[in-house]
Amino acid sequence: MSSVRPWRDIERRKSRQIMVGSVPVGGDAPITVQTMTNTPTTDAVATIDQIRRCEDAGADLIRVSCPDVESTTAFRQIAKAARVPLIADIHFHYKRALEAADAGAACLRINPGNIGSAERVAEVVRAAKANGCAIRIGVNAGSLERDLLEKYGEPCPEALVESALDHIKLLQDHDFHEFKVAVKASDVFLAVAAYQGLADAVDCPLHLGITEAGGLIGGTVKSSIGMGMLLWSGIGDTLRVSLSAEPEEEVRVGFEMLKTLGLRTRGVRVVSCPSCARQGFDVIRTVEALESRLQHIKTPISLSVLGCVVNGPGEARETDIGLTGGGNGKHMVYLSGVTDHTVNDEAMLEHIVSLVETKAAEMEAAEEAAALASAQAAE
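In this report, the structure presented in the accompanying data block is examined. (Residues numbered from 1 in each chain as written. Predicted model: local features only at pLDDT ≥ 70, side-chain atom pairs only at ≥ 80, totals over all residues. Heavy atoms only, no water.)

A few points about the sheet that holds strand 12 (residues 301–306)
Part 1: In spatial order, the strands read 11-12-13-14-15; together these five strands make up an open sheet with mixed pairing. Both edges of this open sheet fall to strand 11 (268–272) and strand 15 (338–344), since each of them pairs with a single strand only. For this sheet, the mean angle separating the axes of adjacent strands, direction not counted, is 20°.
Part 2: With six bridges connecting them, strand 14 (residues 330–335) and strand 15 associate as antiparallel partners. What sits directly across from Leu335, in strand 15, is Val338.
Part 3: Along the sheet face, helix 10 (residues 283–293) touches strand 11 and strand 12 and points at about 160° away from the line of strand 12. (Pairing = 2+ DSSP bridges. Helix = DSSP H or I, 4+ residues; strand = E, 2+ residues; numbered from the N terminus. Axes fitted to C-alpha atoms, helices over the stretch in contact; angles between N-to-C directions. Contact = heavy atoms within 4.5 Å.)

Encoded structure:
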């Protein structure tokens, strides 16, 4: 059956599926959004608090750095408190990987070639198998192996892909296949080309990222261009937006990226105008307030907020709830695309928040009723 809007269709690359704790990655599973804590892992309370904020923002997976034995000791307490699977970030010392696997990590982020001899790699694989851990191979243009830099002269797509294939072989030689791979670079062109090459070479899940992307605005733009190109072409099974910002912001940006491409639906999707002299209310401040007030909504709802009647009615027809600026401090409210009632300036913000919360509650109740009816029919 053909799609009604084929220009919106994205055919995802076929990859095999692995489990990261209770979360499926790859195959036909939703593209997962992850982030990384930046508190000292040895401070379990601060790290758990940060994890909770990321969970509330919607994070599916969270990575925690384990640079020393004190961190892996604290990791056990952190993993017990977390509501989502945790990934232990290991760089060089294989013993940290063994400790993290025993402490409750759902996944180990390592480069097998960086942790020493074949026997050490075998030890890590044994620990991963014994504890049901996946492994994420993390190739980075900034830390390529010396022999590959000598071979290619500089970080290039072929060098990143070759590094990834070398690390993959180390795991496959030990009959380990529960892995995903990233080939990150801060250069958008390099990262995109490397991921495209790797996608053609392997069938494992791919973790997307533009590393060291920058601050909240610059890093969001850079990540959206790079990862957006890959996601639009069907490449990518899990992602992290690497920002010099709080980790919960990485989660929000990741979801906005996926929502824009129709790959995930979570929370309120706001359609709003940039504002102009025609606006009937302060669009910028209203949208800022609504986005802040509605962060707790998880149900997918569309909300249009436009300052005047030029495009307002047309956008409102395509959204669940719409607000269009009018004259004399009276603004039109649309429900399910249909003109419904007006609201005054002073009541506008609270009224829209209330409408969205009510709509979300209705949708959640309907979904629960449908699930219950389906379960009863199956009995």
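Some points on the packing of aromatic side chains
Part 1: Under the counting rule described, the total for this entry stands at zero aromatic pairs.
Part 2: Above the ring of Phe179, the side-chain terminus of Arg16 is found at 4.8 Å from the ring centroid.
Part 3: Cation over ring: Arg266 sits above Phe255, and NZ or CZ is 5.6 Å from the ring centre. (Phe/Tyr/Trp six-rings, centres within 6.5 Å; stacked < 30°, edge-to-face > 60°. Lys NZ or Arg CZ within 6 Å of the ring centre and 35° of its normal.)

Here we look at the packing of helix 2 (residues 69–81) against helix 3 (residues 94–102)
Part 1: Relative orientation of the contacting elements helix 2 and helix 3 amounts to 10°, with a least axis distance of 9 Å. Here helix 2 lies roughly parallel to helix 3, going by the angle between them. Two secondary-structure elements touch here, helix 2 through Val69, Thr72, Phe75 and Arg76 and helix 3 through Arg96, Glu99, Ala100 and Asp102.
Part 2: In the contact of helix 2 with helix 3, the residues fall into three nonpolar, one polar and four charged. (Parallel < 35°, antiparallel > 145°, perpendicular 65-115°, else oblique. Nonpolar A, V, L, I, M, F, W, Y, C, P; charged D, E, K, R; others polar.)

Quick word on a nonpolar patch on the surface
Part 1: On the surface, Leu216, Ile217, Val221, Ile225 and Met229 cluster together to form a nonpolar patch covering roughly 490 Å² of accessible area.
Part 2: In this fold, Val221 is placed in helix 8 (residues 216–232). (Patch = residues over 30% accessible without salt bridge, like charges linked within 9 Å, V, L, I, M, F, W, Y side chains within 5 Å. Areas by Shrake-Rupley, 256 points an atom, 1.4 Å probe, with all protein chains shown as cover. Salt bridge = Lys/Arg side-chain N within 4 Å of Asp/Glu carboxyl O.)

Remarks on the side chain of Gln34
Part 1: Along the polypeptide, Gln34 turns up in strand 3 (residues 32–36).
Part 2: Reaching out from Gln34, the side chain makes a polar contact with the side chain of Thr238 at a distance of 2.8 Å.
Part 3: Here Gln34 is in contact with Leu61, Ile87, Lys180, His207, Thr238, Leu239, Arg240 and Val241, once residues within four sequence places are set aside. (Polar contact = N/O pair within 3.5 Å; in protein donor to acceptor, adjacent residues only side chain to side chain.)

Focus: helix 8
Residue pairs three or four apart in sequence face the same way in an α-helix, which turns once every 3.6 residues.
Part 1: In a regular helix each residue adds 1.5 Å, so 17 residues correspond to 24 Å; helix 8 covers 22 Å between its end C-alpha atoms and thus fits that length.
Part 2: For helix 8, the complete set of buried residues consists of Gly219, Thr220, Ser223, Gly226, Met227, Gly228, Leu230 and Leu231.
Part 3: Each element contacted by the buried residues of helix 8 is listed here: helix 7 (188–201), strand 9 (207–208), strand 10 (238–240) and helix 9 (247–260).
Part 4: Positioned one or two residues after helix 8, Gly234 has a phi angle of 95°, which is positive. (Expected span 1.5 Å × (residues − 1). Buried < 20%, exposed > 50% of the residue type's maximum accessible area, 1.4 Å probe, protein only.)

A short note on the pairing of strand 7 (residues 134–140)
Part 1: Most of strand 7 is tucked away: seven of the seven residues are buried.
Part 2: The side-chain alternation of strand 7 yields two buried faces, one formed by Ala134, Arg136, Gly138 and Asn140 and the other by Ile135, Ile137 and Val139.
Part 3: Bridge analysis of strand 6 (residues 107–110) against strand 7 gives four bridges, and the strand direction is parallel. Considered in strand 7, the bridge of Arg109 is made with Arg136.
Part 4: Each parallel crossover has a hand, and for strand 6 linked through helix 4 (residues 118–131) to strand 7 it is right-handed.
Part 5: Inspection of the sheet shows strand 7 paired to strand 8 (residues 179–184) by six bridges, in the parallel sense. Bridged to Ile137 within strand 8 is Val181. (Right-handed = clockwise from strand over helix to strand, strands pointing away.)

Looking at the state of the cysteines
Part 1: Enumeration according to the criterion identifies zero disulfides in this entry.
Part 2: Of all cysteine sulfurs, the one in Cys66 lies closest to Cys54, which takes part in no disulfide; the gap is 16 Å.
Part 3: Since its relative accessible area comes to 0%, Cys54 is described here as buried.
Part 4: Cys204 provides the cysteine sulfur closest to Cys156, a residue in no disulfide bond, and the two sulfurs are 19 Å apart. (Disulfide = S-S within 2.5 Å.)

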